[in-house]
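Remarks on the overall topology
Residue-level listing of the chains:
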Amino acid sequence: MRKDYQDKLYALLCDIWGYSETMFEEHKSCARMVEFLKEEGFEVQTPVADMDTAYVGVYGSGKPVICFLAEYDALHGMSQEADICKYSPLEEREQGHGCGHHLLGTGAIGAAMLYKDYLQENGISGTVKIVGCPAEEGGSGKAYLARAGFFDDADVALTWHPDNFHMVTTGSSQACIQAFFDFHGVSSHAAAAPHLGRSALDAVEIMDVGANYLREHIEPTERLHYAIVKTGGESPNVVQAEARVKYLIRSTSAKKVKALYERVCDVARGAAMITGTTVDIIFDEGLYDTLPNFALEDVLKESFLKIGIPEYTAEERAYAKAFKESFPLENALNNVPGAVIDIMALKDNIEESELCDIFVDRIHYEACEPGSTDVGDVSWVLPTAQISTACYSHGAGAHSWQWTGQGKSSIALKGAVLAAEVLADAAKSLTEKPELIEKAKAEFAKRMRGQKYECLIPADVKPHIYS
Ligand SMILES: [Zn+2]
Ligand SMILES: [Zn+2]
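Residues numbered from 1 in each chain as written. Chains lettered and ligands numbered in written order. Predicted model: local features only at pLDDT ≥ 70, side-chain atom pairs only at ≥ 80, totals over all residues. Heavy atoms only, no water.

It is worth spelling out the packing of helix H7 (residues 294–307) against helix H13 (residues 410–432) at this point. Axis separation between H7 and H13 bottoms out at 8 Å; the angle between their running directions is 125°. When the axes of H7 and H13 are compared, the pair comes out oblique. The chirality of how H7 crosses H13 is right-handed. Only Leu418, Glu421, Val422, Leu423, Asp425, Ala426, Ser429 and Leu430 of H13 make contact with H7, whose side of the interface consists of Leu296, Val299, Leu300, Ser303, Phe304, Lys306 and Ile307. (Axes fitted to C-alpha atoms, helices over the stretch in contact; angles between N-to-C directions. Helix = DSSP H or I, 4+ residues; strand = E, 2+ residues; numbered from the N terminus. Parallel < 35°, antiparallel > 145°, perpendicular 65-115°, else oblique. Left-handed = near helix turned anticlockwise from the far one by under 90°. Contact = heavy atoms within 4.5 Å.)

In structure tokens:
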């Protein structure tokens, strides 16, 4: 990639790292990206799909229509000084880019720029759509965009995620539903008149006990997590009249997660009945599992191998070494991606090198990896595929202070630039060989088996931040 492009992208990612805005609050990040894209000659629409911090940038016309997905939201509790290899949160803020979405969004924009240049320089028919997707962490931004039809006219979607490894993403991710359970009881003096009280906190506790028993009778790949977000107050001598628990429910498909969600709702209703309270169930968010697309994964792999792994300098290796050593090696060796063809070579690389300097080849697979992404919703609308590039040292994984701390390093920039180059090159291949798009579409149709994407989020639920 041209040096001036790299410089511009580096300035962009540094600014977004500095803003560190969390879900649906990405106002500065969105505005910065929108301005950037306008300067680069894209026509940009914002806000879109009821989200002030979402945007769609378009260049070109006609087929194919290729979407690149950009993210830019940060996480709570992830503040960290840059380039400091010890836990050292910045005093003025608690949010940070612990998942690398400042790189993700910037790399996707880089891909859109490179593909736009290709279309322009060759006078070729084609449309590039760069979709600014807010709130990947906890807000389902892409699900709202998918629900509003922002991917309907596109042929394929390509994206990436910063990682510890250079590889093509394969397999699926979990569908999930998040909901609040608000229990309402009656307060009273806990000693003088407990018989007059009905405890909402008891209901929450009984619901959690019920859910923990339910765990025994769900599939091993399913997950239930909860957080008590309102306990009903700090006075033990008051029967707590209001309490709230938030559940995150995951399964391997949208259909299964809906069924599991209903079982959890029954547990909540049971807890209300036992305690003489009432319960309101408030749907928060829902995401689809990811439909892989092997045909697109092959295109991405070819581009990845063509472009190759970056060279790292001695300074970069020393920098990465310090971060690698801040994390137990045993844990790094225990947290490797699935379906790697030469797992011993990868483990050797983790042991011997400071950072991933090999292409991690994987077999295609469909198994569901734990965790969820709103890329899933996009993958149910059109053929979608992703890559990962190493933006961080070996060692600590996503949502760690180490990832936040390395977010502005030259290694991170190299990862974002590599992602941009690979995605743009894959887009070029798809443009030059339309049969590749047809193959991806045929596979998509086969996987859908006549099913239709119906967003898990009920139509009356708009993008929101519930406190
Ligand atoms: Zn994340
Ligand atoms: Zn992420």
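Once the structure has been displayed, the description carries forward.
Right, let's get into the coordination of the zinc ion (ligand 1). Distances from the zinc ion (ligand 1) to its protein donors, Cys99 (SG), Glu137 (OE) and His399 (NE2), fall within 2.0 to 2.3 Å. All donors of the zinc ion (ligand 1) come from a single chain, and their spacing in sequence reads C-x37-E-x261-H. Separating the zinc ion (ligand 1) from the zinc ion (ligand 2) is a gap of 3.2 Å, which Cys99 spans by donating to each of them. With Glu137 in the loop between strand S4 (126–132) and helix H4 (141–147) and His399 in the loop between strand S13 (384–390) and helix H12 (401–405), this residue pair connects regions lying 262 residues apart in the sequence. Judged by its relative accessible area of 17%, Glu137 is buried. (Donors = N, O, S within 2.8 Å, 3.2 Å for Na, K, Ca; no water. Buried < 20%, exposed > 50% of the residue type's maximum accessible area, 1.4 Å probe, protein only.)

At the metal site, the zinc ion (ligand 2) is ligated by Cys99 (SG), His101 (NE2) and His161 (NE2), and these contacts range over 2.1 to 2.3 Å. Along the chain, the residues donating to the zinc ion (ligand 2) fall in the pattern C-x1-H-x59-H. His161 sits in the partly exposed class, given a relative accessible area of 21%.

Here the focus is the sheet that holds strand S8 (residues 175–184). In any sheet, the strands associate via hydrogen bonds between backbone groups, in a parallel or an antiparallel arrangement. Reading across from one edge, S9-S10-S8-S11 is the order of the four strands in this open sheet, with antiparallel pairing throughout. Taken across any chain shown, the strands that pair with only one partner, and hence form the sheet edges, are strand S9 (223–230) and strand S11 (278–287). Recorded for the sheet is a direction-independent mean angle of 20° between the axes of neighbouring strands. Pairing of S9 with strand S10 (residues 242–251), which is carried by seven bridges, proceeds in the antiparallel orientation. Paired with His225 across the strands is Leu248, a residue of S10. Each of S8, S9 and S10 touches helix H5 (residues 200–214); the most contacted strand, S10, lies at about 20° to it. Set on the sheet, helix H6 (residues 254–275) makes contact with S8, S9, S10 and S11; between it and S8 the angle comes to about 15°. (Pairing = 2+ DSSP bridges.)

The next thing to look at is the sheet that holds strand S2 (residues 55–61). Read across the open sheet, the seven strands follow the order S1-S2-S4-S3-S5-S13-S6; overall the sheet is mixed. Two strands bound the open sheet, and with one partner strand each, they are strand S1 (43–45) and strand S6 (167–168). Here two bridges tie S6 to S13, and the two strands are oriented antiparallel to one another. Along S13, the bridge assignment pairs Met167 with Ser388.

This part covers the domain arrangement of the protein. In terms of domain boundaries, the protein breaks down into domain 1 (3–170 + 290–448) and domain 2 (175–287). Averaged C-alpha coordinates put domain 1 and domain 2 at centres separated by 36 Å. Tallying the contact residues gives 11 residues for domain 1 and eight residues for domain 2. With both chains or domains summed, domain 1 and domain 2 bury close to 710 Å², and 50% of this area falls on carbon and sulfur atoms. Contact with domain 2 buries area across many residues of domain 1, yet Ser140, Cys368 and Ser372 alone supply 50% of it, more than any other trio. Across the contact surface, domain 1 and domain 2 share zero salt bridges. Here domain 1 and domain 2 share two residue pairs in polar contact (both at pLDDT 80 or more) between them. A breakdown of the residues in the side of domain 1 that touches domain 2 according to their chemical character gives three nonpolar, six polar and two charged. (Domains from an automatic or database assignment. Buried area = accessible area lost by both parts, 1.4 Å probe. Salt bridge = Lys/Arg side-chain N within 4 Å of Asp/Glu carboxyl O. Polar contact = N/O pair within 3.5 Å; in protein donor to acceptor, adjacent residues only side chain to side chain. Nonpolar A, V, L, I, M, F, W, Y, C, P; charged D, E, K, R; others polar.)

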